[in-house]
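Residue strings, one per chain:
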Amino acid sequence: QYQGLAGRSTNEVLQLYSAHGQQQKLQRSSVVTQLHGAIKKRLKQDLKSLRSFALELSKDFQRQSKTYLYQVLTAVQRIQLQNEAMQMFQIKAFDLERSLLEVTERYEKEKQKRRALHNSLVELRGNIRVHCRIRPLLPFDTAAGHSISQDRQRNFSEKVAYAADDETVLVKCSRPGHASINKTFQFERVYNALESQDTVFADVAPLLTSLLDGYNVCIMAYGQTGSGKTYTMLGPRLEENFAFSIEDESELGIIPRATQEVFRLISEKPPGSYWVEVSVLEVYNNEIFDLLAKDSCGKVFGVKRDVVTTREGKSDVPLLTHETVENASEFLHLVNKGLQLRVRHPTLVHAHSSRSHLVVTLTITTIVSGDNFGTSWEDEQTSQRLNKEVSCTFPQKMRDNKSTSSSRASSPAQLEAAEKLKHVKTRLQLVDLAGSECVGMSGVTGAALRETSFINRSLSALADVLGAIAEQRSHVPYRNSKLTHLLQDSIGGDAKLLVMLCISPDPKYLTESMQSLGFGARARQVQRGQVKKKNFPVQSKAK
């Protein structure tokens, strides 16, 4: 199109350029117009689509809002109904709780009545009271000196003895390849691993009232080595001298608590009407040792004694040391002295295993007037026997008082009043038996093996005596062991007897625990007849 421009004039060329520019401007204007129209048309379409989408979105939002609002209202109504129902349940729960409390109170009252009736039945039959205490698992249970596989170690961490309730012991007996069998034992009282020394003594304390009412009382702890007998009877020991600690009173055992209770009861009586003597002895290798006997220098050391049977058929230990005490502190001081002489030997089961039977005896002498003394005795023989019994040993200060009063007596009336004074003795025996043990588990040898043999034989003799009494045999083998000979009066029915079984819940002591529970079950069946009371004078009706 630019051909031929060379031969033309400048004006023509400019005109041609101008015309060409206008033509291109028209073309660009047409393209812009077309593009604008297309964009406008597309924008209208997009706006229409957007309007339609917004409308649909609005309708959908309204629809979902109505749905959610309905759901919220429904949920609110449901919550209101649930609140109403909860209030009704709370009212019912309160009523049930109040009813349960009333039933529980009635149950406790009935249980106390049943226990009182049972105790009365025990009194009439002369049954032996048996309590059972299950100790907690202790650190030395997992380190008893034997190599144990991991599987067995896991099994050992499980308890096999439980207190199902306060009168039932449940024992899980299992053997490899056999189904587990649960066995139950019934006793007058069962203590679980969490029950305190206070709880244990609360059930023992009523017997001490009987002591001042004229009955002899005996409390003995029975069980295997390491089952908690000494802890139950004495409390925690001090490692350096094996004496028991009295710093924490909540940990005190039956022996110190019983002494405190006895002196508390005596303090409520008229002054000078009672005095208390204490003796401490041990039965070691079937020999009796007086743990309060003193040498010429006044030092306490164990002296061998013997047990004999008097003409009245009672057991007695001649020359046994009796110390007069005026309060619980003096008593605990003497018992601590005796405990330091008690034989102990470490075994694989227990580091401080007691190797002897400990017998602590409190003898309470009651001074009574003889005006009506004979009216309450069962017969003349009993009166004569008592007079012989109480004329044995009196404290020095009482003898001095008697001599002083007799020297000052200047009239027949005073002499007659002095002669009318009578003395009645009642006795509290507190026995911490040595523990039965399996030689293979304890690992003892030499002298300790001999000790174990004597311990097991004496405990077997005790079981034989109870068996003979239960079967009402004509002969009861008390003299088969010094232990049974010593405790003949208490076992044979002259005392209210309580046996405190102590068992371990550890599976490796299952055999020993079952043996102890079996002993307790047999002891409960023993009927010795009603315990005789050391009768006190009664008030004359004529007066």
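Throughout what follows, the structure given in this document is the object of discussion. Just so you know, these numbers come straight off a predicted model, no measurement behind them.

**Considering the pattern of salt bridges**
When their charged atoms lie close together, side chains carrying opposite charge are able to pair.
Then, in step 1: Applying the stated criterion to the full structure yields 18 salt bridges.
Then, in step 2: A salt bridge links Arg 473 to Glu 471; its shortest N-O distance comes to 2.9 Å.
Then, in step 3: Assessed through its relative accessible area of 54%, Glu 471 is described here as exposed.

**Topic: the packing of aromatic side chains**
Then, in step 1: Taken as a whole and assessed by the stated rule, the structure comprises two aromatic pairs.
Then, in step 2: With 6.5 Å between their ring centres and 55° between their planes, Tyr 284 and Phe 289 make a pair best called tilted. With respect to class, Tyr 284 is no different from Phe 289; both count as buried.
Then, in step 3: Lying across the ring of Phe 454, Arg 457 places its NZ or CZ 4.6 Å from the centre.
Then, in step 4: In this arrangement the basic side chain of Lys 496 is found over the ring face of Tyr 215, its NZ or CZ atom lying 4.2 Å from the centre.

**Quick notes on the pairing of strand 1 (residues 129–134)**
Then, in step 1: When you tally the buried positions in strand 1, you get six out of six residues, the bulk of the element.
Then, in step 2: Because side chains alternate across strand 1, one face comprises the buried residues Arg 129, His 131 and Arg 133, and the other comprises Val 130, Cys 132 and Ile 134, equally buried.
Then, in step 3: Summarising the sheet, strand 1 and strand 17 (residues 495–503) pair through six bridges and their orientation is parallel. Its bridge partner being in strand 17, Ile 134 is matched across the sheet by Ile 503.
Then, in step 4: Relative to strand 5 (residues 189–191), strand 1 is paired through three bridges, and the arrangement is parallel. From the neighbouring strand, Cys 132 faces strand 5, where its bridge partner is Val 190.

**Description of the nonpolar core**
Then, in step 1: By size, the foremost hydrophobic cluster in this structure holds 49 residues, and its most contacted members are Val 169, Phe 187, Met 220, Val 499, Leu 501 and Leu 517.
Then, in step 2: Mapped by element, the contributors of at least two residues to this core are strand 1, strand 3 (168–173), strand 6 (216–223), strand 7 (274–284), helix 11 (447–470), helix 12 (482–486), strand 17 and helix 14 (510–524).
Then, in step 3: Sorting elements by how many residues they give to this core places helix 11 first, with seven residues.
Then, in step 4: Every residue in contact with Val 499, bar those within four places of it in the chain, is listed here: Ile 128, Arg 129, Val 130, His 131, Met 220, Tyr 222 and Phe 519.
Then, in step 5: Membership of the second largest hydrophobic core comes to 46 residues, among which are Ile 255, Ile 266, Val 278 and Phe 331.

**Remarks on unusual backbone geometry**
Then, in step 1: Notably, Asn 285 is not glycine yet its phi reads approximately 50°, a positive angle.
Then, in step 2: By secondary structure assignment, the location of Asn 285 is in the loop between strand 7 and strand 8 (287–290).
Then, in step 3: Exposure remark for Asn 285: the relative accessible area of 14% places this residue in the buried category.
Then, in step 4: With a phi close to 60°, Asn 286 is a non-glycine residue in the positive phi region.
Then, in step 5: Position of Asn 286 among the secondary structure elements: in the loop between strand 7 and strand 8.
Then, in step 6: Under the relative-accessibility criterion, Asn 286 is labelled partly exposed at 28%.

**Some details on helix 5 (residues 254–267)**
Then, in step 1: Across its 14 residues, helix 5 extends 20 Å between first and last C-alpha, which sits within 8% of the 20 Å expected from 1.5 Å per residue.
Then, in step 2: Of all 14 residues that make up helix 5, eleven are buried, and the element is covered over most of its length.
Then, in step 3: Residues of helix 5 that are buried include every one of Ile 254, Ile 255, Pro 256, Arg 257, Ala 258, Thr 259, Glu 261, Val 262, Phe 263, Leu 265 and Ile 266, and no others.

**Let's talk about the packing of helix 3 (residues 197–212) against helix 5**
Then, in step 1: Helix 5 packs onto helix 3 with a crossing angle of 45° between their chain directions and a minimal axis gap of 9 Å. Considering the angle they form, helix 3 stands oblique to helix 5. Regarding helix 3 and helix 5, the two cross each other, and that crossing is right-handed. Only Ile 254, Arg 257, Ala 258, Glu 261, Val 262, Leu 265 and Ile 266 of helix 5 make contact with helix 3, whose side of the interface consists of Gln 197, Asp 198, Val 200, Phe 201, Val 204, Leu 208, Thr 209, Leu 211 and Leu 212.

**Remarks on the sheet that holds strand 3**
Hydrogen bonding along the main chain pairs the strands of a sheet, whether they run parallel or antiparallel.
Then, in step 1: Read across the sheet, three strands follow the order 2-3-4 without closing on themselves; strand pairing throughout is antiparallel. Where the open sheet ends on each side, the last strands, each with one partner, are strand 2 (161–165) and strand 4 (181–186). Geometrically, the sheet is characterised by an average inter-axis angle of 30° between neighbouring strands, direction not taken into account.
Then, in step 2: Relative to strand 3, strand 2 runs antiparallel, the two being bridged by four bridges. Residue Ala 163 lies in a different strand from strand 3, and its bridge partner there is Val 169.
Then, in step 3: Taken strand by strand, helix 14 contacts strand 3 and strand 4, and its axis lies near 145° from that of strand 3.

The rules behind each value
- Residues numbered from 1 in each chain as written.
- Predicted model: local features only at pLDDT ≥ 70, side-chain atom pairs only at ≥ 80, totals over all residues.
- Heavy atoms only, no water.
- Salt bridge = Lys/Arg side-chain N within 4 Å of Asp/Glu carboxyl O.
- Buried < 20%, exposed > 50% of the residue type's maximum accessible area, 1.4 Å probe, protein only.
- Phe/Tyr/Trp six-rings, centres within 6.5 Å; stacked < 30°, edge-to-face > 60°.
- Lys NZ or Arg CZ within 6 Å of the ring centre and 35° of its normal.
- Helix = DSSP H or I, 4+ residues; strand = E, 2+ residues; numbered from the N terminus.
- Pairing = 2+ DSSP bridges.
- Core = buried A, V, L, I, M, F, W, Y, C linked by side-chain atoms within 4.5 Å.
- Contact = heavy atoms within 4.5 Å.
- Expected span 1.5 Å × (residues − 1).
- Axes fitted to C-alpha atoms, helices over the stretch in contact; angles between N-to-C directions.
- Parallel < 35°, antiparallel > 145°, perpendicular 65-115°, else oblique.
- Left-handed = near helix turned anticlockwise from the far one by under 90°.

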